[in-house]
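Residue-level listing of the chains:
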Amino acid sequence: MTEEIRGPAEEARPRPDRHAIGQLTFGIISVAVGVAALIDAAGLAKFGKSGQPGPGLFPDIVAALLVVLGAWLAILTVVRPTRAEPVEEPVEPGGFKRAATVWLAFVVSIPLLVLFGFAPAMAALVAFLVFGVERIRGFRPVLAVVLVPAVVYLLFSVVLGVDLPESVLFPV
């Protein structure tokens, strides 16, 4: 068998690492999903009566963001120089368990929305994520547990006019 003789130019050229290939692939897929969502939501009304947001506004915003951010990721991945040697990023020991806990918290919060209403369920979710998962202590996390659900409630119910879940156990 014959061996290929490689010149110095070929040996010095860095290979793209798996991380860069993954980023490029994810960017292209994000653009494709965003374009498909834009096409799918094209028939939905962007604004309803009295200029209120319609059923097509939010999907269009999210789809446009997918296209822009996916294209940005793909372009930056191609433009920036690749590393000669891939750097191994450290893996957090409990990373999968932590991610699974967060997703389980989201799933558990869905029935809590129906039972207790939006604000109490979201306060419980934020409290669990801040104190249980992230294990952050102090005044600012307590402030976040109170303010995040309140601000989100005001934004959706007052500003956008969206009906949020009300409590089945404690009707108003």
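I will try to describe carefully the structure that is included in this document. (Residues numbered from 1 in each chain as written. Predicted model: local features only at pLDDT ≥ 70, side-chain atom pairs only at ≥ 80, totals over all residues. Heavy atoms only, no water.)

### Section: the overall build of the protein chain
Here's step 1: The helix and strand inventory of the protein chain stands at 6 helices and 0 strands.
Here's step 2: Written out in order from the N terminus, the α and β elements of the protein chain read α-α-α-α-α-α.
Here's step 3: Each of the 172 residues in the protein chain was classed as buried or not, and the buried ones make up 18%.
Here's step 4: Of all intrachain contacts in the protein chain linking residues separated by at least 6 positions in sequence, the fraction that spans at least 24 positions is 61%.
Here's step 5: As presented, the protein chain carries roughly 13,300 Å² of accessible surface, and 71% of it is formed by carbon and sulfur atoms. (Helix = DSSP H or I, 4+ residues; strand = E, 2+ residues; numbered from the N terminus. Buried < 20%, exposed > 50% of the residue type's maximum accessible area, 1.4 Å probe, protein only. Contact = heavy atoms within 4.5 Å. Areas by Shrake-Rupley, 256 points an atom, 1.4 Å probe, with all protein chains shown as cover.)

### Topic: the pattern of salt bridges
Here's step 1: Summed over all chains, the structure comprises 2 salt bridges.
Here's step 2: Residues K46 and D60 are paired through a salt bridge, measuring 2.8 Å at the closest nitrogen-oxygen approach. One end of the pair, K46, is in the loop between α2 (18-40) and α3 (57-79); the other, D60, is in helix α3, with 14 residues separating them in the sequence.
Here's step 3: Across the salt bridge formed by R98 and E134, the nearest N and O atoms sit 2.6 Å from each other. Here the residue R98 occupies a position in helix α4 (residues 95-116), and E134 occupies one in the loop between α5 (118-133) and α6 (139-159), the gap between them amounting to 36 residues. (Salt bridge = Lys/Arg side-chain N within 4 Å of Asp/Glu carboxyl O.)

### Observations concerning the side chain of Q23
Here's step 1: In this fold, Q23 is placed in helix α2.
Here's step 2: Taking the relative accessible area as the measure of exposure, Q23 reaches 19% and is therefore buried.

### Details of a nonpolar patch on the surface
Here's step 1: Residues Y153, L154, L155, F156, V158, V159, L160 and V162 make up a contiguous nonpolar surface patch of roughly 690 Å² in combined accessible area.
Here's step 2: Take V162: it is sitting in the segment after α6.
Here's step 3: Residue classification places V162 among the partly exposed residues on the basis of a relative accessible area of 35%. (Patch = residues over 30% accessible without salt bridge, like charges linked within 9 Å, V, L, I, M, F, W, Y side chains within 5 Å.)

### Considering the side chain of S167
Here's step 1: Take S167: it is sitting in the segment after α6.
Here's step 2: Take S167: its relative accessible area is 13%, and that puts it in the buried class.
Here's step 3: Polar side-chain contacts of S167 include one of 2.7 Å to the backbone oxygen of L115.
Here's step 4: Not counting the four nearest positions on each side in its chain, S167 is found in contact with V114, L115, F116 and G117. (Polar contact = N/O pair within 3.5 Å; in protein donor to acceptor, adjacent residues only side chain to side chain.)

### Examining the packing of aromatic side chains
Here's step 1: Taken as a whole and judged by the stated rule, the model has 2 aromatic pairs.
Here's step 2: Measuring from centroid to centroid gives 6.2 Å for F118 and Y153, while their planes differ by 35°, and the two rings are tilted. Residue F118 is located in helix α5, and its partner Y153 is located in helix α6; the two are separated by 35 residues in the primary sequence. (Phe/Tyr/Trp six-rings, centres within 6.5 Å; stacked < 30°, edge-to-face > 60°.)

Note that all results are geometric; they support no functional claim without further evidence.
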